[in-house]
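For reference, the chains in residue letters:
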Amino acid sequence: MTLQAADTVSSIFAPVSTPAAKEADLAKMVLVLSAAVFVVVAGLIAYSVVRFRASAGEQGTEPPQVYGSAQVEAAWTAVPVIIVIVLVLATARVIHEVQAAAQPPNAVEVTVVGRQWWWEIRYPKLGVVTANELHVPVSDSSVRRPTFLTLESADVAHSFWVPRLAGKTDLIPNKTNRMWVEPHEAGTFLGQCAEYCGTQHAHMLLRVVAEPPEQFARWVEQQRQKADTAPADSTAAAGARTFLRTACISCHTVAGTVATGRYGPDLTHLMSRATIGAGVAPNTRDRLRAWVRNPDDLKRGALMPAMQLDDEQLDQLVNYLLTLR
Ligand code: CUA
């Protein structure tokens, strides 16, 4: 499987989702106001420097000074106060609109759990569990289909940030945060953890696949299937036996087998994902084998241990993983 073409723009100024669009408008307004203040202040300084510079015979004397002008003081107090009030009101309004948005009955509900260093993604009402690649439906002008996220952490503080979809929201241990996205365009949007969370913080990448509702429904249907417990291929079957006999099963789940661990990503539909190691490498046979052989080679400090398998066991195990579609 090759990497799905992902959108490479990750700018907050190219929003494709309702909350991101509101925030981008606010950011633009703040930038324009700040730029106007800068131009006026810098312009006055430049004007004064030129206009009141000392001329040839004037060394050591000052131009006439103005003391205690009530009008000037009132003006330079009132104007900044008005600007600050405008900024406060505009910001409060956007924060309220984003945070207090009511959840429509047809909204998709997702629980995202931040972990060192990957994202656990659960759809409690749909019975789907995946990792690192969040699928959501696209809204159109007639039907809104937002996705409401419940954010939790299993270890330290993380932050969920997909710049084109919404502002960042932290995932804090023992606290539940909420946010929502509502993309209006199909596509794969990139994001990443935005709160330093340890050595592999920079490789805690995130993909959001926004797809038309029919395609999202097909994805859900496919993700709800249990894994094929008896692969036809004999090497894959040998790999399955290795997998089910080793410590793999205490950290990973493969639905329909004895593997029910939750410490690592759910592997039931591993091959439906474009990347491994939370976006650190494309999900190909070659990279998958390198990952299982020693995760540290691809992601130094990864919490998954190398299982000390020999070459034959590795090939068999990877053949088994390739059946997890
Ligand atoms: Cu998780 Cu930074």
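A brief report on the enclosed structure follows.

### Quick look at the packing of helix H1 (residues 18-51) against helix H2 (residues 70-99)
Inference 1: Running from N to C, H1 and H2 point in directions that differ by 170°, and their axes come no closer than 10 Å. One element, H1, and the other, H2, form an angle in the roughly antiparallel class. Touching Pro19, Lys22, Glu23, Leu26, Met29, Val30, Leu33 and Val37 of H1 are Ile83, Val86, Leu87, Ala90, Thr91, Val94, Glu97 and Val98, all from H2.
Inference 2: Looking at the contact of H1 with H2 residue by residue, the classes come out as twelve nonpolar, one polar and three charged.

### Regarding the environment of Ala306
Inference 1: Within the element layout of this structure, Ala306 appears in the loop between helix H7 (295-298) and helix H8 (311-321).
Inference 2: Ala306 sits 13 residues away from Arg293 along the chain, and the two C-alpha atoms are 5.9 Å apart.
Inference 3: When sequence neighbours within four positions are dropped, the list of residues in contact with Ala306 reads Arg293, Asn294 and Pro295.

### Quick look at the pattern of salt bridges
Inference 1: Applying the stated criterion across every chain yields a total of 13 salt bridges.
Inference 2: Between Glu120 and Arg122 there is a salt bridge whose closest N-O contact spans 2.5 Å.
Inference 3: Residue Glu120 is classed as buried on the basis of its relative accessible area, which comes to 3%.
Inference 4: Residue Asp140 pairs with Arg145 through a salt bridge whose shortest N-O separation is 3.5 Å.

### A few points about the pairing of strand E6 (residues 158-162)
Inference 1: Counting buried residues in E6 gives four out of five residues, a clear majority hidden from the surface.
Inference 2: Examined bridge by bridge, E6 and strand E7 (residues 166-171) share four bridges and lie antiparallel to one another. The residue of E7 that forms the bridge with Val162 is Ala166.
Inference 3: Taking the residues between adjacent antiparallel strands as the criterion, E6 and E7 are bridged by three residues.
Inference 4: For E6 and strand E9 (residues 187-193), the ladder comprises two bridges, and the chain directions are antiparallel. Note on E9: the bridge partner recorded for Phe160 is Cys193.

### Re H8
Inference 1: Residues of H8 that are buried: Leu314, Gln316, Leu317, Val318, Asn319, Tyr320 and Leu321.
Inference 2: Summarising the contacts, the buried residues of H8 are in contact with helix H4 (234-245) and helix H6 (285-293).
Inference 3: Between the side-chain oxygen at the start of H8 and the backbone nitrogen of Glu312 there is a gap of 3.1 Å, and the oxygen is on Asp310.

### Looking at the packing of H4 against H8
Inference 1: Axis separation between H4 and H8 bottoms out at 7 Å; the angle between their running directions is 95°. With respect to H8, the element H4 is oriented roughly perpendicular. The segment H4 lies against H8, with Thr235, Ala236, Ala238, Gly239, Ala240, Thr242 and Phe243 engaging Gln316, Leu317, Asn319 and Tyr320.
Inference 2: Taken together, the residues of the contact of H4 with H8 break down into six nonpolar, five polar and no charged.

### Brief notes about the packing of aromatic side chains
Inference 1: Summed over the entire model, instances satisfying the criterion amount to seven aromatic pairs.
Inference 2: Relative to Phe52, the ring of Tyr47 lies with its centre 6.4 Å away and its plane at 90°, an arrangement referred to as edge-to-face.
Inference 3: The exposure class assigned to Tyr47 is partly exposed, which follows from its relative accessible area of 48%.
Inference 4: Centroid distance Phe148 to Trp180: 5.8 Å. Interplanar angle 10°. Geometry classified as stacked. Taken as a pair, Phe148 in strand E5 (residues 147-153) and Trp180 in strand E8 (residues 177-181) lie far apart in primary sequence, 32 residues in all.
Inference 5: The class of Phe148 is buried, set by a relative accessible area of 8%.
Inference 6: Chaining the aromatic ring pairs together yields one cluster made of Tyr123, Phe216 and Trp219.
Inference 7: In this arrangement the basic side chain of Lys168 is found over the ring face of Trp161, its NZ or CZ atom lying 4.3 Å from the centre.

Rules used in this analysis
- Residues numbered from 1 in each chain as written.
- Predicted model: local features only at pLDDT ≥ 70, side-chain atom pairs only at ≥ 80, totals over all residues.
- Heavy atoms only, no water.
- Axes fitted to C-alpha atoms, helices over the stretch in contact; angles between N-to-C directions.
- Helix = DSSP H or I, 4+ residues; strand = E, 2+ residues; numbered from the N terminus.
- Parallel < 35°, antiparallel > 145°, perpendicular 65-115°, else oblique.
- Contact = heavy atoms within 4.5 Å.
- Nonpolar A, V, L, I, M, F, W, Y, C, P; charged D, E, K, R; others polar.
- Salt bridge = Lys/Arg side-chain N within 4 Å of Asp/Glu carboxyl O.
- Buried < 20%, exposed > 50% of the residue type's maximum accessible area, 1.4 Å probe, protein only.
- Pairing = 2+ DSSP bridges.
- Polar contact = N/O pair within 3.5 Å; in protein donor to acceptor, adjacent residues only side chain to side chain.
- Phe/Tyr/Trp six-rings, centres within 6.5 Å; stacked < 30°, edge-to-face > 60°.
- Lys NZ or Arg CZ within 6 Å of the ring centre and 35° of its normal.

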